[in-house]
Structure formats: C-alpha cells, structure tokens
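# Survey of secondary and tertiary structure
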Amino acid sequence: MITIKSKKEIEIMREGGRILAEVLRHVSKKVQPGVSAKYLDKLARELVFSMGGRPSFLNYKPGGTGQGYPAALCVSVNDEVVHGIPTEEKIIQAGDLVKLDLGVEYKKLHTDATIMAGAGKISPVAEKIMRVTKECLELGIKKIKPGASLNDYGRAIEAHALKNNFEVVRDLVGHGVGYSIHEPPQVFNYADSRMDKVILKEGMTLALEPMINEGDYEIFLADDGWTYKTADGKLNGHWEHTVVVTKDGCEVLTKI
Ligand code: MF3
Ligand code: CO
C-alpha cells in the first residue's frame with residue numbers, strides 16, 4: 001500500500017529534508033583530492049545529529065536481515081553505483097566522480113537524497129554524466145502530479161538518458177519514503193507497463209533516484225556485500241530527491 005502523509009507529517013519531512021539538503025551541500029564542498037570517504041561520513045554524521053536528526057542508513061538492514069549498514073553516508077565513486085562504504089582507505093583522487101547519498105530521520109520521518117560532486121578537474125564524460133543524470137531527475141520530477149502514472153516518470157528519464165547515449169540501471173529503483181526509508185511503491189527509472197498501474201495521489205512521498213550508466217546498464221554486487229558497481233567498469237551517475245505529490249504537481253523536500 002502506498003501511504004499518504006498528512007499536512008503535519010509533510011511539514012516534518014520538509015524540515016527533515018531541509019536538514020538533509022543542508023548537510024549534503026556542506027559535505028559536497030569537502031569532496032576534494034586527498035580526503036577520505038570516512039572523513040566525509042564523519043562530517044555528515046555529526047552535522048545530522050547536531051541539527052536534531054538521525055542518519056537513517058546507520059545500522060539499516062535493507063532486506064530486514066543481516067548486518068546493518070556501517071555508516072551514515074554512502075560514498076560511491078566512479079563505477080560504484082550505490083551503497084559505497086566510506087572507509088578510511090577510500091581516498092578521493094583528482095578526477096573522481098563522487099556520489100554522496102544520505103538519509104535523515106527527523107521526528108520519526110525519513111527523507112533520502114543524493115548529490116554528485118567532482119574532485120578537482122573531472123573528464124568531459126564525467127561532467128556530462130553528472131549533468132545528464134541531474135537533467136533526467138529534473139525531467140522526471142516535472143511528470144510527478146496527481147493522476148499521472150509512474151510510467152510517465154520512467155519514460156521521461158529513459159528517453160533523456162538514451163538520447164545522450166547513456167543507459168538506465170534496471171536492477172535498482174527509487175521508492176516511497178517516510179515512515180521508513182524504503183516504502184512501496186518501487187519507482188522504475190525506465191518505461192515499463194507495470195508502472196502504468198501506479199497512479200499518483202496528493203500526499204504520496206517518493207524518493208526519486210535515476211541511476212544512469214555511461215556504458216551498459218548491467219551492475220553487480222561487489223565482495224563487500226554492499227557496493228553495487230557497473231559491470232563494464234564505466235561511470236555511473238546518480239542524483240536523488242525526496243518529493244511530495246501536491247495538488248497540481250510536486251514539491252522537492254530536499255532542495256539543495
Ligand atoms: N538511499 C539508499 C537507497 O535508496 C539507501 C541506502 S540504505 C543502506 O537504496 F543501508 F544501504 F545504506
Ligand atoms: Co533512495
């Protein structure tokens with residue numbers, strides 16, 4: 001079931017989203033050659049707590065079982081798609097394309113967002129995938145309104161990615177968000193008739209997160225059990241916002 005949030009709950013998610021955006025903006029400025037991913041995680045963690053929130057991913061078990069996620073922030077670099085673990089040994093290099101993914105729990109409600117940043121000077125294709133992925137998210141967001149289906153959203157994203165000779169990751173999707181970090185529905189980032197049935201209503205809250213590959217859409221789970229990487233080792237782009245469906249469109253709750 002897709003939950004509908006009350007005005008009061010949306011106001012709380014708006015505040016939580018503001019905290020999340022503020023933290024990501026701050027941490028993204030520290031993405032520079034020589035810093036460790038662990039440092040970025042520590043910074044994010046401390047900022048979230050200092051602003052009255054709790055990092056949603058810390059100890060989170062996506063399938064409900066096994067070991068919880070060991071950090072507050074996912075730091076995924078270049079061919080890493082999502083859930084990169086921010087270790088001390090993971091040192092950001094000049095030219096790296098970095099994705100920072102953070103969830104914030106505030107007054108029991110969650111928001112989720114991802115920002116991209118380049119370390120030093122990055123290659124033209126890295127610049128392009130960063131820009132095109134952001135455009136995909138923006139075009140998708142424009143499709144979110146009451147009465148629209150999630151297939152309208154997926155179609156818009158896929159069309160823009162393909163037009164730019166990129167591919168859309170198929171094995172990972174966006175999701176509802178709020179009472180927990182992952183709620184129904186799944187939000188495909190490509191056209192799929194299964195999404196025709198998901199009709200948007202005012203008060204739904206969604207984490208929209210296109211994952212766009214420079215090369216083939218195939219990905220795999222690395223040996224650490226968390227990090228997803230592109231199968232061909234080429235770059236991945238990922239931006240994410242939490243939005244609420246409004247009377248005539250949607251509002252981005254994590255505007256950076
Ligand atoms: N933002 C991530 C997602 O939507 C959530 C990461 S949870 C973690 O998939 F535990 F894997 F970090
Ligand atoms: Co998410």
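Shown above is the structure to which this text applies.
Every value quoted in this text rests on a predicted model; they were computed, and no experiment measured them.

This part takes up the side chain of N213. As for its position among the elements, N213 is in strand β10 (residues 211–213). Judged by relative accessible area, which is 0%, N213 ranks as buried. Here the side chain of N213 touches D216 through a polar contact of 2.9 Å, landing on its backbone oxygen. Once you skip the residues sitting within four places of it in the chain, N213 turns out to touch I129, F166, E167, V169, E218, I219, T230, L235 and N236.

With that out of the way, let us pick up the nonpolar core. Formed by 73 residues in total, the largest nonpolar core has its most connected members in L73, L100, I144, L150 and L208. In terms of residues, this core owes the most to one element, helix α1 (residues 7–28), which gives eight residues. Apart from residues no more than four positions distant in its own chain, I144 is found in contact with L150, Y153, L200, L206, L208, V243, V245, G249 and C250. Formed by six residues, the second largest nonpolar core is a distinct cluster that contains V81, V82, V169 and M211.

Running from N to C, α1 and helix α2 (residues 37–50) cross one another at 150 degrees; their axes reach a closest spacing of 10 Å. Classified by the interaxial angle, the pair formed by α1 and α2 is roughly antiparallel. For the pair α1 and α2, the crossing hand works out as right-handed. Residue-level contacts link V23, H26 and V27 of α1 to L40, L43, A44, L47 and V48 of α2.

This part takes up the sheet that holds strand β13 (residues 236–238). Reading across the sheet, the three strands line up as β6-β10-β13 and stay open at both edges, with antiparallel pairing between neighbours. Among the strands making up the open sheet, the edge pair consists of β6 (167–168) and β13. In this sheet, β10 lies alongside β6 in antiparallel orientation, the contact comprising two bridges. When the bridges of β10 are listed, V168 appears paired with I212.

Attention shifts here to the packing of aromatic side chains. What describes a pair of aromatic rings is the distance from one ring centre to the other and the angle between the planes of the rings. Enumeration over the complete set of coordinates arrives at two aromatic pairs. Here Y69 and W226 contribute two aromatic rings whose centre-to-centre distance is 4.9 Å and whose plane-to-plane angle is 85 degrees, an arrangement assigned as edge-to-face. A residue pair is termed long-range when its members are at least 10 positions apart, and Y69 in the loop between β1 (54–55) and β2 (73–77) and W226 in the loop between β11 (219–221) and β12 (228–230) qualify at 157 residues. Here Y69 matches W226 in class, with each residue buried.

A few words on the sheet that holds strand β14 (residues 241–245). Strand order in the open sheet formed by five strands is β8-β7-β9-β14-β15, and the pairing between neighbours is antiparallel. If you trace the sheet from one side to the other, it starts and ends with β8 (183–187) and β15 (250–252), each paired once. Averaged over all neighbouring strand pairs, the angle between strand axes comes to 25 degrees, with direction disregarded. With four bridges joining them, strand β9 (residues 205–208) and β14 adopt antiparallel strand pairing. Bridge pairing in β14 links T205 to V244.

Before going further, it helps to examine the site of ligand 1. Around ligand 1, the neighbouring residues are F57, Y60, Y69, C74, H83, D101, D112, H175, H182, E209, W226 and E240. H175 is positioned such that a nitrogen or oxygen atom in its side chain is 2.9 Å from an oxygen atom of ligand 1. One nitrogen or oxygen atom from the side chain of E209 is found 3.0 Å from an oxygen atom belonging to ligand 1. When ligand 1 sits alone it has 340 Å² of accessible area, and the protein chains cover 95% of it. When the residues that make up the shell around ligand 1 are grouped by side-chain class, the tally is five nonpolar, three polar and four charged.

Further remarks concern the pairing of β14. A regular strand places its side chains so that they alternate between the two faces of the sheet. The buried count for β14 comes to five of five residues, which makes it a mostly enclosed element. Alternating residues of β14 divide into H241, V243 and V245 and T242 and V244, and every residue in both groups is buried. Sheet topology note: the β14/β15 ladder contains three bridges and is antiparallel. What sits directly across from V244, in β15, is E251. Taken together, β14 and the strand that follows it, β15, pair antiparallel across an intervening segment of four residues.

This part takes up a negative patch on the surface. Together, D171, D216, E218 and D232 make up a negatively charged patch on the protein surface. If you trace the backbone, D216 turns up in the loop between β10 and β11.

Thresholds, definitions, all that
- Residues numbered from 1 in each chain as written.
- Chains lettered and ligands numbered in written order.
- Predicted model: local features only at pLDDT ≥ 70, side-chain atom pairs only at ≥ 80, totals over all residues.
- Heavy atoms only, no water.
- Helix = DSSP H or I, 4+ residues; strand = E, 2+ residues; numbered from the N terminus.
- Buried < 20%, exposed > 50% of the residue type's maximum accessible area, 1.4 Å probe, protein only.
- Polar contact = N/O pair within 3.5 Å; in protein donor to acceptor, adjacent residues only side chain to side chain.
- Contact = heavy atoms within 4.5 Å.
- Core = buried A, V, L, I, M, F, W, Y, C linked by side-chain atoms within 4.5 Å.
- Axes fitted to C-alpha atoms, helices over the stretch in contact; angles between N-to-C directions.
- Parallel < 35°, antiparallel > 145°, perpendicular 65-115°, else oblique.
- Left-handed = near helix turned anticlockwise from the far one by under 90°.
- Pairing = 2+ DSSP bridges.
- Phe/Tyr/Trp six-rings, centres within 6.5 Å; stacked < 30°, edge-to-face > 60°.
- Near = heavy atom within 4 Å.
- Areas by Shrake-Rupley, 256 points an atom, 1.4 Å probe, with all protein chains shown as cover.
- Nonpolar A, V, L, I, M, F, W, Y, C, P; charged D, E, K, R; others polar.
- Patch = residues over 30% accessible without salt bridge, like charges linked within 9 Å, V, L, I, M, F, W, Y side chains within 5 Å.
- Salt bridge = Lys/Arg side-chain N within 4 Å of Asp/Glu carboxyl O.
- Lys, Arg positive; Asp, Glu negative; His and termini not counted.
- Charge placed at Lys NZ, Arg CZ, Asp CG, Glu CD.

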